[in-house]
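Summary of structural features
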Amino acid sequence: MATQTLARFAPARFTTFRFLARTIDADGEVALRYALDDELEFTERISLPLDRPLGAPERERLDGLLALLHWVAGVSYFKTAAPPEIRCEAGAPGPATADLLEALYSEGLGEFAYTNRLASLPRPRFPRAPASAVVADEGPPAPRRVLVPVGGGKDSIVALEVVARAGVDAGLFSVGAAPPIERTVAIAGLPWLQARRVLDPKLGELNRTGALNGHVPVTAIVTCIALLAAAANGYDAVAMANERSASSGNVEWGGVEVNHQFSKGLRAERLLSAALREIQGAPRAFSVLRPASELAIARAFARLERYHAAFTSCNAIFRLDPELRAASWCCECPKCRFVYLVLAPFSEPQHLRAIFGRDLLGEEHQRDGFALLTATGGHKPFECVGEERESAAALGMLAEDPRWRDHSVVRALAREVPAGDPASVLALSDEHDVPPLFLPHIDALLGA
């Protein structure tokens, strides 16, 4: 079988994406193997943190979660050609898992399809294992040991604070260790499990020679790595930091709502929960911030001042290309603008200047970028930003705040953007799957 990349990659020539095999060894080294037709093979490698070697019975116990990770992580390689056929050569997923995968490989690639100007969403069909081969397991009634993935941003900090205050045995998890993650972990003072993920190096070469490229549902991949790490280290739940705003899309395209944050949304969370019920003994997965808007999370984070010098929500620091990577806040991207905007109503101007290094709301050239956050002049940016109504509510609050109302961007947009309703945006929602154990602490930290 040829395994060399082509001189010029032609996505349309491939018909089948193949899931070949997956392995995990005693040291927690994971290998996930894929192929396009019989021409190109890929191997992704993940190193799990372990407090002891995994014996054969433990590796067998982890096989269901390893399979789930194999299927979910494959989207990074599938997207190079987005072929119409799927072949699962190491066993087929159960019905609920197949439903999850078909959503991730279609709606989860909505932005990818839109930006690559594909004719439509990919719609691959996954084979399904017989229902009799599926094991249902509802898991424990209340989590006892909870792993919280952290990325160094405000949302995961608020999530870890909710979990820590609930009195459970809490730990932190990350894929890699960017500086804001390390700083957050040091302040939180909780145990930290760090995994490493290494994409097949052929991806970069293929991207340079004609492969399709773009956004993938990476939150689903990180969650599945966290679930495998949790099970390997005795945790019975993974608490994500996905807010209710993540369920809101960016743009309508061909009758489909394209959502940059699809794998962070409530529908994806519930599909994943159903898939986990097909795996005997799998940890639970839920978002502890699902009841809250980004504006409510920002209000809570504004009170957690000990983290303010540590966090960074700008995604520029996580870029794979070192030449494009920022050290902290780039101050020119939609994420920087949005975080600045939602923190501003609850912060002093000089405090935000100290965090970001600049006064973004006082810079004339930022006006159009802030306007897009309210969908004024175009659709909401393809970034992890909140709903347009949240941005409008924040602007309305700033327009009435003597600390902020004379800042040039606030003054300009206050004339163009209808003021939102802060009370409705800040109110907590009942539409979530958060275990009751955490609800009082969510109310205390995120409520009025």
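Residues numbered from 1 in each chain as written. Predicted model: local features only at pLDDT ≥ 70, side-chain atom pairs only at ≥ 80, totals over all residues. Heavy atoms only, no water.

**Considerations on the sheet that holds strand β7 (residues 192-198)**
- Taken in spatial order, the nine strands make up an open sheet running β4-β1-β2-β3-β7-β6-β5-β8-β11, and their pairing is mixed. On the outer flanks of this sheet lie β4 (85-88) and β11 (284-287), each paired with one strand and no other. Adjacent strand axes in the sheet meet at a mean angle of 25°, parallel and antiparallel pairs treated alike.
- As judged from the eight bridges shared by strand β2 (residues 29-36) and strand β3 (residues 40-47), these two strands associate in the antiparallel manner. Each residue of the ladder has a partner; that of Ala35, found in β3, is Glu41. (Pairing = 2+ DSSP bridges. Helix = DSSP H or I, 4+ residues; strand = E, 2+ residues; numbered from the N terminus. Axes fitted to C-alpha atoms, helices over the stretch in contact; angles between N-to-C directions.)

**Some words on the pattern of salt bridges**
- For the coordinates displayed, the defined rule picks out 29 salt bridges.
- Linking Arg128 and Asp99 is a salt bridge whose minimum nitrogen-to-oxygen distance equals 2.4 Å. Placement of Arg128 in the loop between α5 (110-115) and β5 (145-149) and of Asp99 in helix α4 (residues 95-104) is noted, with a sequence separation of 29 residues between them.
- Owing to a relative accessible area of 33%, Arg128 belongs among the partly exposed residues under this scheme.
- For Asp99, a relative accessible area of 38% puts it in the partly exposed group.
- Ionic contacts of the salt-bridge type, sharing partners, join the residues Arg18, Asp38, Arg87 and Glu89 into one network. (Salt bridge = Lys/Arg side-chain N within 4 Å of Asp/Glu carboxyl O. Buried < 20%, exposed > 50% of the residue type's maximum accessible area, 1.4 Å probe, protein only.)

**Notes on the pairing of β7**
- The sheet contact formed by β3 and β7 spans three bridges and is antiparallel. For Arg45, the partnering residue across the bridge sits in β7 and is Val198.
- When strand β6 (residues 169-175) meets β7, the two strands line up parallel, connected through four bridges. Residue pairing for β7: Phe173 is matched across the bridge by Leu193.
- In this fold, the crossover linking β6 to β7 by way of helix α7 (residues 179-188) has right-handed handedness. (Right-handed = clockwise from strand over helix to strand, strands pointing away.)

**A few points about the packing of helix α12 (residues 334-343) against helix α13 (residues 349-356)**
- In contact at an axis separation of 11 Å, α12 and α13 are set at 155° when each is read in the N-to-C sense. In this view, α12 runs roughly antiparallel relative to α13, as classed from their interaxial angle. Considering the relative orientation of α12 and α13, their crossing is right-handed. In this structure, α12 uses Cys336, Val339, Tyr340 and Leu343 to contact α13, whose residues at the interface are Leu352, Arg353 and Phe356.
- The residue inventory of the contact of α12 with α13, partitioned by class, reads six nonpolar, no polar and one charged. (Parallel < 35°, antiparallel > 145°, perpendicular 65-115°, else oblique. Left-handed = near helix turned anticlockwise from the far one by under 90°. Contact = heavy atoms within 4.5 Å. Nonpolar A, V, L, I, M, F, W, Y, C, P; charged D, E, K, R; others polar.)

**Structural notes on the nonpolar core**
- Counting 72 residues, the largest nonpolar core has Val158, Val288, Trp329, Phe356, Leu361, Phe438 and Leu446 as the members making the most contacts within it.
- If you look at the next biggest cluster of nonpolar residues, it comprises 70 residues, including Ile24, Ala67, Ala230 and Met240. (Core = buried A, V, L, I, M, F, W, Y, C linked by side-chain atoms within 4.5 Å.)

**What about empty space enclosed by the protein?**
- Across all of its chains, the model carries one cavity of 30 Å³ or more by this definition.
- Size it by volume and the largest cavity reaches roughly 160 Å³.
- Only α4, α9 (218-232), α10 (266-276) and β11 provide two or more residues apiece to the lining of the largest cavity. (1 Å grid on protein atoms, 1.4 Å probe; cavity = no way out; pocket = protein on both sides within 12 Å on 5 of 7 lines; lining within 4 Å. Points joined across faces, edges and corners; volume = space filled by probe spheres on them.)

**A word on the packing of aromatic side chains**
- Here the structure, examined in full by the defined rule, presents 18 aromatic pairs.
- Judged by centre distance (5.7 Å) and plane angle (20°), the rings of Phe17 and Tyr34 are stacked. Highlighted residues: Phe17 in strand β1 (residues 16-24) and Tyr34 in strand β2, separated in sequence by 17 residues.
- A centroid spacing of 5.1 Å and a plane angle of 70° characterise the contact between Phe311 and Trp329, whose relative ring orientation is edge-to-face. Highlighted residues: Phe311 in the loop between α11 (294-302) and α12 and Trp329 in the loop between α11 and α12, separated in sequence by 18 residues. As far as the burial class goes, Phe311 and Trp329 line up, both buried.
- An aromatic cluster is defined as three or more aromatic residues linked by ring pairs; in this entry it consists of Phe17, Phe19, Tyr34, Phe42, Tyr77, Phe78, Tyr105 and Phe126.
- When the ring centre of Tyr235 is taken as origin, the NZ or CZ atom of Arg145, which lies over that ring, is 4.0 Å away. (Phe/Tyr/Trp six-rings, centres within 6.5 Å; stacked < 30°, edge-to-face > 60°. Lys NZ or Arg CZ within 6 Å of the ring centre and 35° of its normal.)

**So, the pairing of β5**
- Most of β5 sits inside the fold, with four of its five residues counted as buried.
- Across five bridges, β5 lies against β6 in parallel orientation. Following the sheet pairing, Leu147 is matched in β6 by Gly171.
- Viewed along the sheet, the connection from β5 through helix α6 (residues 154-165) into β6 turns out right-handed.
- Relative to strand β8 (residues 237-240), β5 runs parallel, the two being bridged by two bridges. The partner of Val146 across the bridge, within β8, is Ala237.

**Some remarks on helix α15 (residues 388-399)**
- Here α15 spans 17 Å end to end across 12 residues, near enough to the 16 Å set by a 1.5 Å rise per residue.
- Contacts made by the buried residues of α15 are with α11, α12, α14 (367-373), α16 (408-414) and α17 (422-426). (Expected span 1.5 Å × (residues − 1).)

**Considering the environment of Ala26**
- When you line up the elements, Ala26 lands in the loop between β1 and β2.
- The exposure class of Ala26 is partly exposed, given its relative accessible area of 28%.
- For the pair Ala26 and Phe112, spaced 86 residues apart in sequence, the C-alpha to C-alpha distance is 36 Å.
- Ala26 has contacts with Leu50, Pro53, Leu54 and Arg59, leaving out every residue within four places of it along the chain.

**Observations concerning unusual backbone geometry**
- The phi dihedral of Ala82 is positive, around 45°, even though this residue is not glycine.
- Tracing the sequence through the fold places Ala82 in the loop between α3 (75-78) and β4.
- Its identity as a non-glycine residue notwithstanding, Arg117 has a phi of 55°, on the positive side.
- Summarising the element assignment, Arg117 is placed in the loop between α5 and β5.

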